Amino acid sequence: MLRRKIVAGNWKMNKTLTEARELVKSLQSLIGSDVQERVVIIPPFPFLGVLSSDLSGSSIHLGAQDCSAHAQGAYTGEVSAGALKSVGCSYVLVGHSERRGYHHEQETLLIEKTKQALLSGLTVILCVGESLEERRNGSQEQVVGKQIMSIWNALNDTERAQLIMAYEPVWAIGTGETASPEQAQSMHAFIRALIKDNYGDALADNLTILYGGSCNAQNAKELFACPDIDGGLIGGASLKADDFTKIVYSL
Ligand code: PGA
């Protein structure tokens, strides 16, 4: 997969079906067909099938916030990657810090989720990022490096090439405190160099790395101007059509 520009809206646990359909309708009218291709929306599970139909004819992509580590079977409450693909998803988030934190998702589970997603033909957006304490004690590169390597090492090159990375410092998520462009660029450059050193030039050069954490209509342009930032994973600001559209056009 070649390096591309993406703005992905992670809606988290927000909106009713009616509100979700209204937001999609607004996005389709506000975002021109020339840039729709770079947009991914990631709504809650129950809305995916309907929104997939609503999006037919547009080139906005659909993603899911999580998937099961299992292909199918007796796993009550889980949603398989295959099911997501069958309703029109092409992306899935794996390892978002809210899954790691609130649901205690560890690397072994994230490896299985990643493999299931890739087997089903989904593009994985693999999320990594350090906590406030880790940033304060200066261990952000060590922490993020370990998060990446523990999963990348368990995959082969074909699988690695299907990954998109999202750097999301936990201290910036939903807090209104954004990483400065310098802080974000420095971590993105670190991630690309880590991939280059361990897996080679081609995977590093083609890797898409998104920034996430209080990215909004005001700060997106400056963040996206950084050479190693290929777009954003947007939470709160993806819930409003005008704000999200401004972010898309900042890329
Ligand atoms: P935020 O969330 O933009 O609301 O900080 C980003 C994310 O968690 O993906």
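Model, not experiment: these values are computed from the prediction.

Thresholds, definitions, all that
Residues numbered from 1 in each chain as written. Predicted model: local features only at pLDDT ≥ 70, side-chain atom pairs only at ≥ 80, totals over all residues. Heavy atoms only, no water. Near = heavy atom within 4 Å. Polar contact = N/O pair within 3.5 Å; in protein donor to acceptor, adjacent residues only side chain to side chain. Core = buried A, V, L, I, M, F, W, Y, C linked by side-chain atoms within 4.5 Å. Buried < 20%, exposed > 50% of the residue type's maximum accessible area, 1.4 Å probe, protein only. Helix = DSSP H or I, 4+ residues; strand = E, 2+ residues; numbered from the N terminus. Contact = heavy atoms within 4.5 Å. Pairing = 2+ DSSP bridges. Axes fitted to C-alpha atoms, helices over the stretch in contact; angles between N-to-C directions.

Draft legend 1. Representation of the site of the ligand within the structure. Close contacts around the ligand come from 13 residues, with Lys12, His96, Glu168, Gly174 and Ser214 the closest. Between the ligand and Lys12, the relevant distance is 2.7 Å, taken from an oxygen atom to a side-chain nitrogen or oxygen of the residue. Within the side chain of Glu168, one N or O atom sits 2.6 Å away from an oxygen atom of the ligand.

Draft legend 2. The nonpolar core, seen in detail. Counting residues in hydrophobic clusters, the biggest one holds 69 residues, and the most contacted among them are Ile41, Trp152 and Ile191. In terms of residue count, the dominant contributor to this core is helix 10 (residues 181-199) (seven residues). Aside from chain neighbours lying at most four places away, what touches Ile41 is Gly9, Trp11, Val24, Leu27, Leu55, Ile60, His61, Leu62, Gly63 and Phe244.

Draft legend 3. Main features of the sheet that holds strand 2 (residues 39-42). Strand order in the closed barrel formed by eight strands is 1-2-3-4-5-6-7-8, with parallel pairing between adjacent strands. Taking the axes of each pair of neighbouring strands and ignoring which way they run, one obtains an average angle of 25 degrees across the sheet. Alignment of strand 1 (residues 6-10) against strand 8 (residues 231-234), held across four bridges, turns out to be parallel. Each bridged residue has a counterpart across the sheet, and for Val7 the counterpart in strand 8 is Gly232. Against the sheet, helix 10 engages strand 5 (123-128), strand 6 (163-167) and strand 7 (209-212), with an angle of about 150 degrees to strand 7.

By themselves, these figures tell us nothing about what the structure is for.
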